[in-house]
Amino acid sequence: MNAWLPLMVLASSLVPGMIIFMLPEKAVALRTTLNLGGAVLKIVLLVLMMIGVFHGVEYEFRLPLVPGLDFVLHADALSLMFVNLSAVLWLATTVYAIGYLEGSPHRSRFFGYFSLCVTATVGLAMAGNLLTFLVFYEALTLTTYPLVVHRGTEAARKAGRSYLAHTLFGGVLLLAGTVWLYSLTGTLEFVDRGFIAGRGIDPDVLRMIFAVLILGVGVKAAILPLHGWLPQAMVAPAPVSALLHAVAVVKAGAFGIVRIVFDVFGVEFAASLGVTLPLAILAAVTIIYASTRALFQDDLKRRLAFSTVSQVSYITLGVAIAGPIATIGGLVHLVHQGFMKITLFFCAGNFAETLGVHKVSEMRGIGRRMPWTMGAFTLAAFGMIGAPPMVGFISKWYLGLGALEVGQDWAVLVLAGSSLLNAAYFLPILRTAWFDPPPESWPEERSFGRKETAWALLIPPVMTVAATLSWGLFASMPGTPLDWVQFIAARKYAP
Amino acid sequence: MNGLTVFALTGVGLLVIGLWALVLRAHLIRKVLALNVMGSGVFLVLVGAGAAPDPVPQAMVITGIVVTVSATALALALVLRIDTATGKPTLPEDRERDLMDEHWQ
Amino acid sequence: MTDWLAEAPWMLLAIALPLLGALLAFLRPHRAAMIGLIGAFMSAGAALAVLLQVVFGGPRQYEVGGWGAPLGINLWADGLSAMMLAMTAVVGTAVSIYARVYLADSPNKVRRFWPLWLFTWAALNALFQAADVFNLYVTLELLGLSAVALVALTGTGPALWGAMRYLLVSLLGSLAYLVGVVLLYHLHGTLDLTLLGERADGGLALAIPLGAMIAGLLLKIGLFPFHVWLPPAHGSARAPVSAVLSGLVVKGAFYLLLRLWFTFSPEGEGLPILLGSLGAFAVFWGSIQALRQERLKLLVAYSTVAQLGYLFIAFPLAGMDPALAWGGSIYLAVSHALAKGAMFLAAGSIMMQGGHDEIAELDRVVDRMPLSLAAFALAGISLAGLPPSGGFVGKWMLLQSAMAQGLWPWALVMIVGGVLTASYVFRVLGFAFTRSPHAHESHNVPHTMEWTALLLALGAVLLGFVAPWALPLLDGVLP
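Residues numbered from 1 in each chain as written. Chains lettered and ligands numbered in written order. Predicted model: local features only at pLDDT ≥ 70, side-chain atom pairs only at ≥ 80, totals over all residues. Heavy atoms only, no water.

Remarks on the overall build of chain A
Part 1 of the argument: The helix and strand inventory of chain A stands at 20 helices and two strands.
Part 2 of the argument: Taking 23 Å as the expected radius of gyration for a compact globule of 495 residues, we find that chain A reaches 21 Å, a close match to that expectation.
Part 3 of the argument: Referenced to the eigenvectors of the C-alpha coordinate spread, the extents of chain A come out at roughly 70 × 50 × 45 Å.
Part 4 of the argument: Burial status across chain A gives 65% buried among its 495 residues.
Part 5 of the argument: Partitioning the intrachain contacts of chain A with sequence separation of at least 6 by distance along the chain shows that 80% fall at a separation of at least 24.
Part 6 of the argument: A total accessible area of about 16300 Å² is found for chain A, and carbon and sulfur atoms account for 69% of it.
Part 7 of the argument: Where the 32 positive side-chain charges of chain A centre and where its 26 negative ones centre are 7 Å apart. (Helix = DSSP H or I, 4+ residues; strand = E, 2+ residues; numbered from the N terminus. Rg over C-alpha atoms; globule rule 2.2 N^0.38 Å. Buried < 20%, exposed > 50% of the residue type's maximum accessible area, 1.4 Å probe, protein only. Contact = heavy atoms within 4.5 Å. Areas by Shrake-Rupley, 256 points an atom, 1.4 Å probe, with all protein chains shown as cover. Lys, Arg positive; Asp, Glu negative; His and termini not counted. Charge placed at Lys NZ, Arg CZ, Asp CG, Glu CD.)

Rendered as structure tokens:
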């Protein structure tokens, strides 16, 4: 059982995905069953795994892949956090996508790739060494590409090309760094506090390897200047944007940074090499720059895209500040940002699907017409700004405190500035949505009877934002992401 | 000079001549002939460079001749086909130039 | 019963069965397809039997007709031969099943294709099991002749020109190789590979003949700058023929090159670096040309030019850990055979469906032919060296070898090459997802064709997982 559970977690989305590819378009009921069944099964398996880990069971699946290196799936606390995030949000996005794509062509293909995408994300989360991580990192690129070009327009093709150019470039950097590192250390297994220190390798070489590896994963994490693909990928359908931005691609990049800093180099060793400070500065610049760019976007999804670029760098900042409390802030933001951002994208999709509204300037009075959706949007926006009691406040609090703890006071200024910018590009939306009179008619209205929109489109954002609200209100209770992250962070530092 | 060495040197000479014609001639039949000449050159070297009569090279040459005959047959059939299908027994890039034959149009 | 099966002369049968099949198919043109297909299955079976014999019993030798060397023919099968035989069996079976359906409408082509194809297969199996340099010449020549005839089968002007060019280059290459054989015999007194390896000491007595042989083989492999004949020939042949040419025929000459290299172990750094550099040029030139192509089959053909370059990068890397570098190169060769075969078969299906193979006009072919496109994508993944695939394993091993010796330029070549490969593969995929403003014809494509391509591509991916079991076959073969 110990070796098979990780594989079964992978299979719970891989197998339904393969079957869905074969289904004819009309087989809606079967497809829906497979989709939701797989998502629920995955969560059940993960609960089993968490119980096991809690009792000290080790879950590992090992297969020799190349001479001297294995393909390893391993469930440790950090991977479980990311896997759970992916699984829960996959369920939410599946429900949403079923509603969103109602009546659209090529749904079998879409959901097939969708499932493959999640398989790749889950595999990446459970990767036990850098080689396995690389395998799933590239698999993620390959499985998300068809989703980006799904609509079949020339714009989609170009966006796909840009996406590929960026992510493949990141992939080769990651490959080069991995092989280079392997030639020096002879191992790639993730270890708490890293496996590089104490081998007598030239520090300059290590710094170069660090740069190469971080740039490699940084493409997906949308660090400046490698973020260009993200706003362009907004041409994809809303469920894709939601998945890409909250769960799969962007978080995979951030997760990669976490793994490299903590489990390859070791955070204290990395700090001693002097590589964490440049990374922190790069993250800070990204945060401010992207927030500023967000101010000038009228297209709602593009504004949210730049907001994502900015917010994911909070995670990088938390990691790079290299202190235990900042680590907690960065890691927990991985979860919090995921939920908040997916809410925002769900809402944006709702506005587009129900009323044909794509731009901020078209959102006047939308709160009256779609109160629940706008309500979820509002709460999530407050979370982004960092206002209590939303959970975004918790992340920023820990980040700020962590920065002060290690004497990086400038980071607090960055956080404060970014909060102001967030307010600047979110508050006007809220104001116009709630307080301006609605227009005569909406660009393209679809009626859902007395509901504001379809159930499948409404329930996911409400649930995800409710989660963030409850975690914010009951932050100190066990079982929240914060609790889990505190457990993880403690093990990354020498006692 | 040893009679056999003469054979060997002639063989080398044939190789060179054949290679020259293969590269510079445009008409495909000339190219095929060139390859045959080169083949004969190799066989001459094979038999001529040894000291005593040796059955192994002789067996090799016989096999080689058989192979060359088959290859030539295929080549000629192909040339014929090209001539029928495209009107000229040359490859397209050679049509304008035969570096040795000024009378070619 | 099992003893008899285990001791049957599979090595000989692997050559004789396709040969007989070819003859029968030629004599009975109306049944050519069925005879051809049965012959194919039996040949594949014999080849796999040889593989099993080698896996369980070690390398083995067989004297044809009981007459030994030097006048008789000796067959030799070790791990490398067995691997090549198996590769040919897998690709050959897929191509045969595909061709049966693909050519169903052209009885004229059918009665010519099967004898020639089985003859090619026989030549390949003989090549992989030949034990002396002259037999290698004969099999090499036979392989070239039948391959040329297969190219000419298409019948159009460009195909005939491509076939003629290929023939001329092939014969020139064989002659160069033969010159080397002649010199080796007269200098060292034997044709047997093992004995030559022991007697040859190096210096000019080895350098000149080996140089001639290598030059000839480079012509036949199509390594830059001797690649000019390859795109026209592979690009204008029928899909199953292209799959055989790119997947198998060029590997025959490469196998021969490796055998010579392993037997003689030439010293000195100049030649390996030269070969590696030519390989690097091939990678860049082929990939850039592939990016510029407007027709799918030509893109795939130029991709072969590039991929062959990768194989040569092992030469300068084999200094420190030969097993790692050569293992990577051989694994790349085998993966390429499956992947490129799949790619050509898929391209053939796509071409049959739309009546054309213009890349920019693919018009969401992913909707009409998802299986073929999946085959193309998976094959492309292996060619680009993306995980998980056989191509990734081979590339990883070569990269590891390069990094461990600090030879950055070769690592860089492979990495940039991988990016370029991914670029042209995804260029095709991008257009395959995009609508085109023009209308196109629409023909039905039999499912068999799509499935064979897909299964072959899955094979290339599967190779990414079996390396730890496949690579030990090469123990004892590599220097």
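A few points about the overall build of chain C
Part 1 of the argument: Broken down by element type, chain C carries 20 helices and two strands.
Part 2 of the argument: A compact globule built from 479 residues should have a C-alpha radius of gyration of about 23 Å, and chain C, at 21 Å, falls within 12% of that.
Part 3 of the argument: By its C-alpha atoms, chain C is 65 × 55 × 45 Å across when sized along the principal axes.
Part 4 of the argument: Looking at the 479 residues of chain C, the share that counts as buried comes to 66%.
Part 5 of the argument: Pairs at least 24 residues apart make up 80% of the contacts formed inside chain C by residues separated by at least 6 positions.
Part 6 of the argument: Approximately 15800 Å² of chain C is accessible, and the part contributed by carbon and sulfur atoms is 67%.
Part 7 of the argument: Treating the 22 positive side-chain charges of chain C as one cloud and the 22 negative ones as another, the clouds have centres 12 Å apart.

What about the interface of chain C and chain A?
Part 1 of the argument: Facing the 34 residues of chain C at the interface are 35 residues of chain A.
Part 2 of the argument: Counting every contact that joins chain C to chain A gives one salt bridge.
Part 3 of the argument: One salt bridge in this structure joins aspartate 367 of chain C and arginine 109 of chain A, with 2.2 Å as the shortest N-O distance.
Part 4 of the argument: Inspection of the region where chain C meets chain A yields eight residue pairs in polar contact (both at pLDDT 80 or more).
Part 5 of the argument: For the side of chain C that touches chain A, the per-class residue count stands at 26 nonpolar, four polar and four charged. (Salt bridge = Lys/Arg side-chain N within 4 Å of Asp/Glu carboxyl O. Polar contact = N/O pair within 3.5 Å; in protein donor to acceptor, adjacent residues only side chain to side chain. Nonpolar A, V, L, I, M, F, W, Y, C, P; charged D, E, K, R; others polar.)

Things to note about the packing of aromatic side chains
All names here are of chain C.
Part 1 of the argument: As enumerated under the stated definition, the model contains 36 aromatic pairs over all chains in all.
Part 2 of the argument: Between tyrosine 98 and tyrosine 102, the aromatic rings sit 5.5 Å apart at their centres with planes inclined by 25°, giving stacked as the arrangement. Placement of both tyrosine 98 and tyrosine 102 in helix 4 (residues 79-102) is noted, with a separation of four residues, approximately one turn of the helix. Judged on exposure class, the residue tyrosine 98 and its partner tyrosine 102 are both buried.
Part 3 of the argument: Taking the centre distance of 5.7 Å and the plane angle of 25° together, the rings of phenylalanine 224 and phenylalanine 281 count as stacked. Here the residue phenylalanine 224 occupies a position in the loop between helix 9 (204-221) and helix 10 (230-236), and phenylalanine 281 occupies one in helix 12 (residues 270-292), the gap between them amounting to 57 residues. (Phe/Tyr/Trp six-rings, centres within 6.5 Å; stacked < 30°, edge-to-face > 60°.)

Digging into the domain arrangement of chain C
Residues and elements named next belong to chain C.
Part 1 of the argument: In terms of domain boundaries, chain C breaks down into domain 1 (1-129), domain 2 (132-267) and domain 3 (284-479).
Part 2 of the argument: Facing 15 residues of domain 1, the contacting portion of domain 3 comprises 18 residues.
Part 3 of the argument: Of the roughly 1600 Å² buried at the junction of domain 1 and domain 3 (both faces included), carbon and sulfur atoms supply 89%.
Part 4 of the argument: It is Met83, Tyr98 and Val101 that lose the most area in domain 1 upon contact with domain 3, and together they represent 38% of the buried surface on that side.
Part 5 of the argument: Counting every contact that joins domain 1 to domain 3 gives zero salt bridges.
Part 6 of the argument: There are two residue pairs in polar contact (both at pLDDT 80 or more) connecting domain 1 and domain 3.
Part 7 of the argument: Looking at the side of domain 1 that touches domain 3, the elements that each hand over two or more residues are helix 3 (32-57) and helix 4.
Part 8 of the argument: The dominant element in the side of domain 1 that touches domain 3, judged by the number of residues it contributes, is helix 4, at 12 residues. (Domains from an automatic or database assignment. Buried area = accessible area lost by both parts, 1.4 Å probe.)

Some remarks on the confidence of the model for chain C
Part 1 of the argument: Averaged over all residues, the pLDDT of chain C is 90; the fraction at 70 or higher stands at 99%.
Part 2 of the argument: Scored as a complex, the prediction yields pTM 0.90 and ipTM 0.90. (pLDDT = per-residue confidence, 0-100.)

Description of a nonpolar patch on the surface
Part 1 of the argument: There is a patch of nonpolar side chains on the surface, built from Leu14, Val15, Met18 and Ile19 of chain A and spanning about 310 Å² of accessible area.
Part 2 of the argument: Within the secondary structure layout, methionine 18 of chain A lies in helix 1 (residues 4-22). (Patch = residues over 30% accessible without salt bridge, like charges linked within 9 Å, V, L, I, M, F, W, Y side chains within 5 Å.)

Some remarks on empty space enclosed by the protein
Part 1 of the argument: Taken as a whole and judged by the stated rule, the model has five cavities of 30 Å³ or more.
Part 2 of the argument: The calculated volume of the largest cavity comes to roughly 150 Å³.
Part 3 of the argument: Taken together, 13 residues line the largest cavity, and the ones lying closest to its centre are Leu35, Asn36, Thr68 and Ala71 of chain B together with Leu171 of chain C.
Part 4 of the argument: Elements with a minimum of two residues in the lining of the largest cavity: helix 2 (28-48) and helix 3 (55-86) of chain B together with helix 6 (133-152) and helix 7 (157-188) of chain C.
Part 5 of the argument: The element contributing the most residues to the lining of the largest cavity is helix 2 of chain B, with five residues.
Part 6 of the argument: Looking at the lining of the largest cavity residue by residue, the class counts come to eight nonpolar, four polar and one charged.
Part 7 of the argument: Within this model, the second largest cavity holds a volume of roughly 90 Å³.
Part 8 of the argument: If you trace the second largest cavity, you find 14 residues lining it, with Glu138 and Val172 of chain A together with Ala384, Leu386 and Lys395 of chain C closest to the centre.
Part 9 of the argument: For the lining of the second largest cavity, the elements supplying multiple residues, two or more each, are helix 6 (154-185) of chain A together with helix 18 (390-404) and helix 19 (408-433) of chain C.
Part 10 of the argument: Looking at which element gives the most residues to the lining of the second largest cavity, the answer is helix 19 of chain C, with four residues.
Part 11 of the argument: Residue classes in the lining of the second largest cavity are distributed as 10 nonpolar, two polar and two charged. (1 Å grid on protein atoms, 1.4 Å probe; cavity = no way out; pocket = protein on both sides within 12 Å on 5 of 7 lines; lining within 4 Å. Points joined across faces, edges and corners; volume = space filled by probe spheres on them.)

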